[in-house]
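# Chain and residue survey
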Amino acid sequence: MIRAATFRAFERYVAIVVALVVQVAAVAVIGDVFAAVPRADAGLPPPTETVARVAPAARGDRLMTLNVTLDIVSATAPAPSAQPEASPIADAPPVATEELAPAAPQIAEPTPQPRPDPTIAPRPTPAPAAITTSLETRQAEFRMLALMNASRLQGGLVPLALDAGVSDAARQHSAAEALVRYVYHDGPDGTARSRDVGACGTGWYGENTGKVWSGGVDVLHREFMAEPWEPINHRTNIMDPNFRRAGVGAVQGPDALYITIVFCR
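Cut-off values and rules
- Residues numbered from 1 in each chain as written.
- Predicted model: local features only at pLDDT ≥ 70, side-chain atom pairs only at ≥ 80, totals over all residues.
- Heavy atoms only, no water.
- Helix = DSSP H or I, 4+ residues; strand = E, 2+ residues; numbered from the N terminus.
- Buried < 20%, exposed > 50% of the residue type's maximum accessible area, 1.4 Å probe, protein only.
- Contact = heavy atoms within 4.5 Å.
- Areas by Shrake-Rupley, 256 points an atom, 1.4 Å probe, with all protein chains shown as cover.
- Disulfide = S-S within 2.5 Å.
- pLDDT = per-residue confidence, 0-100.
- Arc of directions from axis to C-beta.
- Phe/Tyr/Trp six-rings, centres within 6.5 Å; stacked < 30°, edge-to-face > 60°.
- Pairing = 2+ DSSP bridges.

This brings us to the overall build of the protein. Along its length, the protein carries eight helices and four strands. Walking the protein from its N terminus toward its C terminus, one meets helices and strands in the order α-α-α-α-β-α-α-β-α-α-β-β. The burial tally for the protein puts 25% of its 265 residues in the buried class. Contacts in the protein between residues at least 24 apart in sequence constitute 67% of all its contacts with a sequence separation of at least 6. For the protein, the exposed surface amounts to about 19,100 Å²; the carbon and sulfur share of it is 63%.

What follows concerns the state of the cysteines. For the structure shown, the criterion picks out one disulfide. The disulfide bridge from C200 ends at C264, spanning 1.8 Å between sulfur atoms. Handedness of the C200-C264 disulfide follows from its S-S torsion of about -60°: it is left-handed. One end of the pair, C200, is in helix 6 (residues 192-200); the other, C264, is in strand 4 (residues 257-264), and 64 residues separate them in sequence.

Let us look at unusual backbone geometry. If you check the backbone angles, R181 has positive phi at about 65° while not being a glycine. With respect to the helices, strands and loops of the structure, R181 is situated in the loop between helix 5 (164-180) and helix 6.

Reading fine detail from the predicted coordinates is not recommended where pLDDT is low. Looking at the protein as a whole, the pLDDT averages 74, with 58% of positions reaching at least 70. Confidence, read as mean pLDDT per element, is least for helix 2 (residues 59-76) in the protein (41) and greatest for strand 1 (residues 161-162) (98).

This part covers helix 6. Along helix 6, the residues classified as buried are A192, R195, D196 and C200. Projection of helix 6 onto a plane perpendicular to its axis shows the buried side chains occupying an angular sector of 105°, all on one side. Those residues of helix 6 that are exposed and angled more than 90 degrees off the buried face are R193, S194 and G198. Looking at the buried side of helix 6, the elements it contacts are helix 5, strand 2 (205-212), strand 3 (245-252) and strand 4. Within two residues after helix 6, G201 carries a phi angle of roughly 80°, on the positive side.

A few words on the packing of aromatic side chains. Scanning the model with the defined rule gives two aromatic pairs in all. Look at Y182 and Y184: their rings are 5.2 Å apart centre to centre, the planes differ by 50°, and that puts the pair in the tilted class. Its relative accessible area of 41% is what places Y182 among the partly exposed residues. Residue class for Y184 comes out buried when judged on its relative accessible area of 7%. Their ring planes at 25° and their centres at 5.8 Å tell us that F243 and F263 sit as a pair that is stacked.

Here the focus is the pairing of strand 3. Taken across its eight residues, strand 3 has six buried, putting it largely inside the fold. Bridging between strand 1 and strand 3 involves two bridges; their strand directions are parallel. Paired with L162 across the bridge in strand 3 is A246. Across eight bridges, the pairing between strand 3 and strand 4 is antiparallel. Bridge pairing links A250 to I259 in strand 4. Between strand 3 and strand 4, which pair antiparallel and follow one another directly, the connecting turn spans four residues.

Turning to the pairing of strand 4, a few remarks are in order. Summarising burial for strand 4: eight of the eight residues are buried, a large majority. The two faces of strand 4 match: L257, I259, I261 and F263 on one face and Y258, T260, V262 and C264 on the other face are all buried. Examined bridge by bridge, strand 2 and strand 4 share eight bridges and lie antiparallel to one another. Bridging from a neighbouring strand, T209 pairs with T260 of strand 4.

Here it is, written out as structure tokens:
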């Protein structure tokens, strides 16, 4: 009986020891687990560090950082003493609030209307200057007509009648030649066709022109008649049987006497 009671007491003693060992091991294991868990505020700066040194990217980020920091400091700060220490956030200079001025209303400028170009009045074409005739130029005109009719009579042709209107057109051309000091059929005063068709009143015309010195009208006529017989040249104009009228215009230029003969049907 004594041995059985002693054995049961020994079993209770062993059970108590085993229970104590298990409790100690459990406490050790639980402590290691809590030690391995990272603190939620491990990456945050200590409470005494000034958070305002970090430049936020925007105004909203700055306010959020300050609010989070205030919450952390409030949770970890010790109990207030008789003389509370100044909070670094309270001592930090106030953050200036950026005020955005309202944009000024944009007033659309009126589109300028195109101004019409001023109408330029057409310049009137100046009338040709009146040709001043003299006794010398009149004599040269009559002499040229007489020489041409003499040649036509020798060839059995009807003499040319003098046309006063055609003579005016011939004088205008002689005056234009005198300005440039050379003879031509087409030049600054227009083509021979534009001059002579209007003067003749028909679609058929011919024109001879030249200049002489010292009254050499006879010399100019001989030069015309010395040309070979060709379809159109000075000689064939004089001897053309289809021409019945002529205008002769002589103008004294600064260097010579200019003579133009216009032949019309």
